[in-house]
Amino acid sequence: WYQRRVLLLSKAVVSTQSTGEEMGLQSTFYSVEWFMCVYTRTLPWETVLRVWDIFLCEGVKVLIKVGVTLLLLAFNDKTIRDQCDSFDKAIKYLKYKLPSEMLEEDFFVGKLLSLDISERKLKEAHMEQLAKLKELFG
């Protein structure tokens, strides 16, 4: 389950993924904590509670969307991408230096809910990754 979700997360953020790959930033460096702790170590408590409410209503796809929202908020600005020109800087920014106003409950949930990743798009990416895994591992 976890590995497929990480692959979907990477697939969903094309521009961020290419920036991350240039720095050697693989999704396992940051997403393990996100998914294992269900964002409790990443988001402020009020935001976590809202995310969990949405998760309970809409299901697991919300957890993927939260990760995509975090990546987009973190690296959508070219100035930030230029400043995070190495693996260390990118990880530190993503894990410890995101501006608190970006993670504030109303702002973050607004961005999360406006994210346009359909169920169909997630399912297609999931099936594509399953095919790749079957090809690799038989």
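See the structure above.
Residues numbered from 1 in each chain as written. Predicted model: local features only at pLDDT ≥ 70, side-chain atom pairs only at ≥ 80, totals over all residues. Heavy atoms only, no water.

Overview of the packing of helix 5 (residues 61–75) against helix 9 (residues 105–114)
Here is step 1 of the chain: Interhelical geometry of helix 5 versus helix 9 gives an angle of 110° and a closest axis separation of 9 Å. For the element pair helix 5 / helix 9, the angle class is roughly perpendicular. Helix-helix and strand crossings are classified by hand; for helix 5 and helix 9 the assignment is right-handed. Note on element contacts: helix 9 touches helix 5 through F107, F108, K111 and L112, opposite V62, K65, V66, T69, L70 and L73. (Axes fitted to C-alpha atoms, helices over the stretch in contact; angles between N-to-C directions. Helix = DSSP H or I, 4+ residues; strand = E, 2+ residues; numbered from the N terminus. Parallel < 35°, antiparallel > 145°, perpendicular 65-115°, else oblique. Left-handed = near helix turned anticlockwise from the far one by under 90°. Contact = heavy atoms within 4.5 Å.)

What about the packing of helix 5 against helix 7 (residues 87–96)?
When two helices pack together, their arrangement is given by the angle between the helix axes and the distance between those axes.
Here is step 1 of the chain: Between helix 5 and helix 7, the shortest axis-to-axis distance is 10 Å and the interhelical angle comes to 120°. Taken together, the axis directions place helix 5 and helix 7 in an arrangement best described as oblique. Helix 7 is crossed by helix 5, and the crossing has right-handed handedness. Contacts from L70, L71, A74 and F75 in helix 5 reach A90, Y93 and L94 in helix 7.
Here is step 2 of the chain: Among the residues forming the contact of helix 5 with helix 7, the class breakdown is seven nonpolar, no polar and no charged. (Nonpolar A, V, L, I, M, F, W, Y, C, P; charged D, E, K, R; others polar.)

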